[in-house]
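# Examination of the molecular architecture
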Amino acid sequence: MHPTQPTHPTHPAVRPRATALSERVPAPDLARGALLLFICLANVHHYLHARPEGVRGYPAAGAMSALDRVVTVLQTSLADARAFPMFSILVGYGTWQLVRRRLGTGATPPEVRRLLRRRGAALLAVGALHGVLLFSGDIAATYGLLLVLLAGTLAAPRARGLVVLAVTGTVLAGAAGLAVALPGAEDAAALTSVTQETVPAALLTRAVEWGSATLLQPLLVFGAVAIGALAARRGLLDDPARHCRTLLAVGAGGVALSAAGGLPLGLLAAGAWETGTTGTLLAGGLHALTGYAGGAGYAALAGFVVVSASRRGGFGAPGRVLVALGRRSLSGYLGHSVVFAALLPASALGLGAELGVAQAALLAAGTWLLLLLGAAALERTGGRGPAEVLLRRLTYGRPR
């Protein structure tokens, strides 16, 4: 760290810096690297077009093969609205780690809040580019907006505000899940931008879709961000060995509850279960609420895996590669959109009009493996991901 001009007559400012790769806590990165697979799976079916829309943006059940229906049930139960709550929890977790680290170096609370807002503004800018150029369902800008708006609460010395946000956000997420049964929900879930046949039309449509998503998505994730910040205050993933039993209980219970709670909506999406409006509303709300449980469960299981690995002498090669991708998760997130945007929309190669859900899932898995290879190559050279370099520059300025 390098000194700068004092901003207070008795408290010299300390130039903030990004955390070195060697200083990062492994459990969150392990979770991010693994769950990027679920992000790929949860997003790829939104690129499928030229067929009637069904539940949660999947093709209508009548337009799917038997294998497609099986994959739809699995993805809805295990990945959809389960991966992004985990990432949201880890955004909150990482934010409190940043706050604690900066306060420990002597920064004042106003300085920490300004740093959070700068980081939020940087994420908002990166998310805007991602949303307009590649994928209008972008979540990075949502996190950036929340950092800007909630910097005071996230950096507050007391956790009371976070508890209020966590409870309120969880209730709102469940209420939003009810909307899957409302008239026109299928059309709302569809991304019209992927059907545009010209690049200018696709860009314009993505810009409109991204703007709407960025205004609405914070309501779905701010509760999870608060939950993550509360978990970070207890250090659940910083010292997972100390909290091993808690992590195992939250991990096993959360993932099991998430899978069971997502099954009814998965069966509806696959056409394997028919119910009235009330049943569909309840399935949607249950899916959203248990998605929070799944997000917490996946993050907790990553902490438990770290403890198990340390007892065996460290990660094997697969674990090290997952951690490498997690360290570069923003680059991985943007990278999967580059692949999908090049292959699937009508304005590109247009494969989204031909692939089924199962075939798209294979593409998603292959994309994730490609991201793992890229992260492993960067890990060998000690390099950060390109998106992380950009975010670091926008947040901390030019290195001295």
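Right above here is the structure, for reference.
Residues numbered from 1 in each chain as written. Predicted model: local features only at pLDDT ≥ 70, side-chain atom pairs only at ≥ 80, totals over all residues. Heavy atoms only, no water.

### Regarding the packing of aromatic side chains
- Per the counting criterion, the structure on display carries three aromatic pairs.
- The interplanar angle of 80 degrees and the centroid separation of 5.6 Å between the aromatic rings of phenylalanine 38 and tyrosine 298 together place this pair among those described as edge-to-face. In this pair, phenylalanine 38 sits in helix H1 (residues 26-44) while tyrosine 298 sits in helix H11 (residues 277-311), placing the two residues 260 residues apart along the sequence.
- Centre to centre, the rings of tyrosine 47 and phenylalanine 135 are 5.5 Å apart; their planes meet at 25 degrees, and the pair counts as stacked. Pair noted here: tyrosine 47 is in the loop between H1 and helix H2 (66-78) and phenylalanine 135 is in the loop between helix H4 (109-133) and helix H5 (140-154), with a separation of 88 residues, a long-range link.
- Here tyrosine 47 falls in the buried class, since its relative accessible area comes to 2%.
- On the basis of relative accessible area, phenylalanine 135 is assigned to the buried category, the value being 5%.
- By way of ring pairs, the aromatic residues Tyr47, Phe135 and Phe340 are connected into one cluster.
- In this structure, arginine 233 packs its charged tip against the face of tryptophan 96, placed 4.0 Å from the ring centre. (Phe/Tyr/Trp six-rings, centres within 6.5 Å; stacked < 30°, edge-to-face > 60°. Helix = DSSP H or I, 4+ residues; strand = E, 2+ residues; numbered from the N terminus. Buried < 20%, exposed > 50% of the residue type's maximum accessible area, 1.4 Å probe, protein only. Lys NZ or Arg CZ within 6 Å of the ring centre and 35° of its normal.)

### Here's the deal with the environment of alanine 342
- Structurally, alanine 342 is set in helix H13 (residues 329-343).
- Alanine 342 sits in the partly exposed class, given a relative accessible area of 41%.
- Excluding residues within four positions of it along the chain, alanine 342 makes contact with Ala348 and Leu349. (Contact = heavy atoms within 4.5 Å.)

### Considerations on the side chain of histidine 130
- Mapped onto the secondary structure, histidine 130 falls in helix H4.
- For histidine 130, a relative accessible area of 3% translates into the label buried.

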